[in-house]
Every structure is written in C-alpha cells, then in structure tokens.
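Each chain, written out:
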Amino acid sequence: MKLTGIELREIRLPLVAPFRTSFATQTERAALLLRAVGTESEGWGECVAMADPRYSSEYAAGCADVLRRFLVPALGACERLDVHAVAPALAPFQGHRMAKAALEMAVWDAELRALGVPLARELGAVHDRVPCGVSVGIMDSLPELIDAVTSYVEEGYRRIKLKIEPGWDIEPVRAVREHFGDDLLLQVDANTAYTLADARHLARLDPFRLLLIEQPLEEEDILGHAELAKVIETPVCLDESITSARAAAAAITLGACSIVNIKPGRVGGYLEARRIHDVCVAHGVPVWCGGMLETGLGRAANVALAALPGFTLPGDTSASGRYFRTDITEPFVLDDGHLVVPSGPGLGVEPVPEVLEEVTVSTEWIAL
Ligand code: NPQ
Ligand code: MG
C-alpha cells in the first residue's frame, strides 16, 4: 500500500455525566480522528490524547501538529507501507506515542480491510468476547458513589475501579466494600496523586482486599513504586509509567509493579501493546486493557487486544453508554458483563456518517 493522504478530524462528544479524576473533571470528550487513505483502501485511527496535557504530556492539538509536520510526511515517503513499517519510519522522531499510535491504527485498519482480516485475528486473540470493568469517577458524597456503583453492578460490569485522591480514598473504598460485600472485584486508580510519604496511609487500604492500586505515584517514580510495594499488601499496578515494553520489563524486574495496565495509545500503538503483553506473560504478570474514553473506533481495537491470552483481568473496556449517549459507531453494548470482539475486517466497525458530521469541529486534509 502507498498512502495518498491523511484526514485529521477534530470531534467533540458530550459525556453522559461529568467524569472526575485526580487530574481533571471532564464533561466532554474532545478527540482527534484520522482517516488514512491508501491506494487500495481506507482506515480509521483514533488519537487518545486529551485536549489538555493532564494525564500525560501529549495533548490533541500537539498531536495534530506533530502529525502534519513530521509523522504523516514520513509515512508518505514509504512506497510499500504495511503496519510493520510504521514504527521504524517514525522512530527518528522522539516521543509523541499517542500521535504515533493513532497513525499506526489507521494504517493497520486500512491494510487489514484490504486483506479482509479482522484486527483481533491478526493480533492473536483467543476469545470472542471479553469481560468488562468500569471506571467510577470521584463523587461529591458517599451516597452518590454507592448509587453510581449500584447501577454499574446492575448493568453487569464484572469489576469496579474507583478513582481516588488524597481525601477520597479510604472511606469510599470502605463504603463500597461494606455495601457490596467481599465478592465484588474492586480496585482503585490514583493517577499519580500520592507520594512515597503517603505509604502508611495507603497501607490502610490493605484490609479491603483490592485487586490492585493503579499508579499511586508519579510517572517517573519507578523506584518509589518498588518501595511502596514492599510496604503495602495491595498489589501495585502501573499505568502512566508503562510507556514501552522496555519500561514494562524494567518496572517488573525492579519490583515496581505486579500487574500492568496496557493502553495502546500511551505506548505508541497496538504492536507495542502486544509486546508489553508478551513481556508480562513471560514474567507471569497479569495484564488488563485500560481505557481513554475512546469512541467506538478505539474501543473496537481495545476489545480485540483484550482478547489476547494474557489479559486475565477485566479491563476498562466499558460499553459505549458508560461515556456517550450517542457513539460515532454502532454502540458497544454490554451482554452478560461482556463485549463481543468485532469480527469484521480491520477494526470491524466504522463511523455512522451523520453522527460523525454532527460531532465534527474541524477537518484537515494532509495530501501526500
Ligand atoms: C486511567 N482512564 O486509567 C484513565 C484516565 C483518564 C477510564 O479511568 C479524557 C481522555 C478523559 C482520557 C479521563 C480511565 C480521561 C482520560 C481519565 C483518561 O487512568
Ligand atoms: Mg489509570
């Protein structure tokens, strides 16, 4: 395949309810979509960067800039482009993993559609549906939290993740554990809100038998996580810190985590995500698929990834309705706590044209 051009499309989707984390409160999802146009086919990519650099240093407008200025032109120079050529072609440019991941996704979708092969099969998926968890934002009160968790449990979610921060940690966990009992699969995510000085405090979560605590300390504090893991009983899981398969191998070897959250966008794409999966399986470390409020496009690819054999914990691969009243694709709907892995060529889903138009803020054609 040779690329003829890439369309960048900025969209804005309202959220069904505000989503509060330790780093921001979101009321809408602004996202950047890519359409790769090749000589034989077209494909869709989704960039997971937020509008502001709060979760990581990348942000949507920065991704658009690096794509149009450097990344897309570098791929345009490839005469025989396939997905394995993408990362090598982009390697001269440092960082910008979310932008690179979006481009890889669009090229892979185009390639697989031309071949008639589903992404899940190409990745090595071994399941045709995956159990799903849900991420629950920070609330104003404990009764509100119990109400929110109650509706998710009634919808069938197999695992609950509570967002925490200093001042909203021990009591919400205690309340949910006491209300729902010991059988509820429960975990927490701090999005880097603590320091190693909070170790004794975080040890107070020990009695609640959480599956894991996700990214308590800052992104670069690998040794801090290793120290913390010696002090608390709750297994430490890393999210923000795991930027590559090499970073995952180092974190595991140093004892900084015993579980890994894999987000393809954060690590530069689905190929690198699979490498992290392979590293973790080799170390006996369970993995699960994270979420970045993806539209149906990114959600489809994440569900395909989550069907690999090492994904032994339910992920943040929630139904479309967890975030959006109207998704841009046919919505992903929970069935008995599971999402079905798409089986059509490529991502196996595509945007509904009228919905896509409605949520589009701007488009830009980068000709090659
Ligand atoms: C996490 N995701 O695991 C992230 C954080 C997160 C599902 O908890 C816009 C774009 C808003 C990306 C809010 C979940 C977001 C976002 C939270 C990612 O750490
Ligand atoms: Mg996280």
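Note that the structure is a prediction, hence the values are computed from the model and not measured.

Peer 1: Where do I start with the sheet that holds strand 13 (residues 360–367) in this structure?
Peer 2: Strand pairing within a sheet occurs via backbone hydrogen bonds; the two strands may be parallel or antiparallel. Pairing in this open sheet of four strands is antiparallel, and the strands run 3-2-1-13 from one edge to the other. Of all the strands in the sheet, just strand 3 (42–47) and strand 13 have a single pairing partner and so form its edges. Across this sheet, the average inter-strand angle for adjacent strands is 20 degrees, counted without regard to direction. Looking at chain direction, strand 1 (residues 3–20) and strand 13 are connected through seven bridges and run antiparallel. Following the sheet pairing, Ile 11 is matched in strand 13 by Thr 360. Helix 3 (residues 97–115) rests against strand 1, strand 2 (25–38) and strand 3 of the sheet, and its axis sits at about 155 degrees to strand 3.

Peer 1: Help me understand the nonpolar core, please; the structure alone is not making it clear to me.
Peer 2: Generally speaking, soluble globular proteins have nonpolar side chains that are buried together. Ranked by internal contacts, the top residues of the largest apolar core, which has 96 residues, are Val 136, Ile 160, Leu 162, Val 260, Ile 276, Leu 305 and Leu 347. Tallying contributions element by element places helix 12 (residues 296–306) first for this core, with seven residues. Inspection of this core shows a minimum of three residues originating in each of domain 1 (3–116 + 350–367) and domain 2 (121–340). Excluding its chain neighbours within four sequence positions, the residues that come into contact with Leu 347 are Trp 44, Met 105, Asp 109, Arg 113, Leu 119, Leu 297, Ala 300, Ala 301 and Pro 342. Grouped together as the second largest cluster of nonpolar side chains are 33 residues, Leu 34, Ala 64, Leu 81 and Val 107 included.

Peer 1: Is there a simple way to explain helix 9 (residues 245–253) in this structure?
Peer 2: Within an α-helix, residues lying three or four positions from one another point in the same direction, as the helix has 3.6 residues per turn. Where helix 9 is concerned, the buried positions are Ala 245, Ala 248, Ala 251 and Ile 252. Considered in projection along helix 9, the buried side chains sweep an arc of 125 degrees and stay on one side of the axis. Structural note: helix 9 exposes Arg 246 and Thr 253 on the side pointing more than 90 degrees away from its buried face. On its buried face, helix 9 is in contact with helix 8 (222–231), strand 9 (236–238) and helix 11 (270–283). Among the residues trailing helix 9, Gly 255 stands out with phi positive, at a value near 80 degrees.

Peer 1: I keep staring at the domain arrangement of the chain and nothing clicks. Help me out?
Peer 2: Interface size is often expressed as the accessible area that is lost when the parts come together. Domain boundaries in the chain define domain 1 (3–116 + 350–367) and domain 2 (121–340). Contact with domain 2 buries area across many residues of domain 1, yet Phe 19, Arg 20 and Tyr 55 alone supply 21% of it, more than any other trio. On the surface where domain 1 and domain 2 come into contact, there are two salt bridges. Arg 20 is the salt-bridge partner of Glu 165, the closest N and O atoms lying 2.8 Å from each other. Of all the secondary-structure elements, those providing two or more residues to the side of domain 1 that touches domain 2 are strand 1, strand 2, strand 3, helix 2 (83–90), helix 3 and helix 13 (353–359). Top contributing element to the side of domain 1 that touches domain 2 by residue count: helix 3, with eight residues.

Peer 1: Whenever I open this one, the packing of aromatic side chains confuses me. Can you help?
Peer 2: Each aromatic ring pair is summarised here by two numbers: the centre-to-centre distance and the angle between the ring planes. Here the structure, examined in full by the defined rule, presents five aromatic pairs. Aromatic pair Tyr 152 and Tyr 157: ring centres 5.8 Å apart, planes at 80 degrees, arrangement edge-to-face. One aromatic cluster in this structure is built from Phe 19, Tyr 323 and Phe 324. Arg 159 extends its terminal NZ or CZ atom over the ring of Trp 288, reaching a point 5.3 Å from the ring centre. Note that Arg 322 overlies the ring of Phe 19, its terminal NZ or CZ placed 4.9 Å from the centroid.

Peer 1: Is there a simple way to think about the pairing of strand 7 (residues 186–189) in this case?
Peer 2: Sheet faces and side chains relate simply in a regular strand, where the side chains alternate between the two faces. Judged by which residues are buried, strand 7 turns out to be covered on both faces: Leu 186 and Val 188 on one side and Gln 187 and Asp 189 on the other are all buried. Pairing between strand 6 (residues 159–163) and strand 7: four bridges, direction parallel. Following the sheet pairing, Lys 163 is matched in strand 7 by Asp 189. Regarding topology, helix 6 (residues 170–180) serves as the crossover connection from strand 6 to the parallel strand 7, and that connection is right-handed. Looking at chain direction, strand 7 and strand 8 (residues 213–214) are connected through two bridges and run parallel.

Parameters and conventions
Residues numbered from 1 in each chain as written. Chains lettered and ligands numbered in written order. Predicted model: local features only at pLDDT ≥ 70, side-chain atom pairs only at ≥ 80, totals over all residues. Heavy atoms only, no water. Pairing = 2+ DSSP bridges. Helix = DSSP H or I, 4+ residues; strand = E, 2+ residues; numbered from the N terminus. Axes fitted to C-alpha atoms, helices over the stretch in contact; angles between N-to-C directions. Contact = heavy atoms within 4.5 Å. Core = buried A, V, L, I, M, F, W, Y, C linked by side-chain atoms within 4.5 Å. Buried < 20%, exposed > 50% of the residue type's maximum accessible area, 1.4 Å probe, protein only. Domains from an automatic or database assignment. Arc of directions from axis to C-beta. Buried area = accessible area lost by both parts, 1.4 Å probe. Salt bridge = Lys/Arg side-chain N within 4 Å of Asp/Glu carboxyl O. Phe/Tyr/Trp six-rings, centres within 6.5 Å; stacked < 30°, edge-to-face > 60°. Lys NZ or Arg CZ within 6 Å of the ring centre and 35° of its normal. Right-handed = clockwise from strand over helix to strand, strands pointing away.

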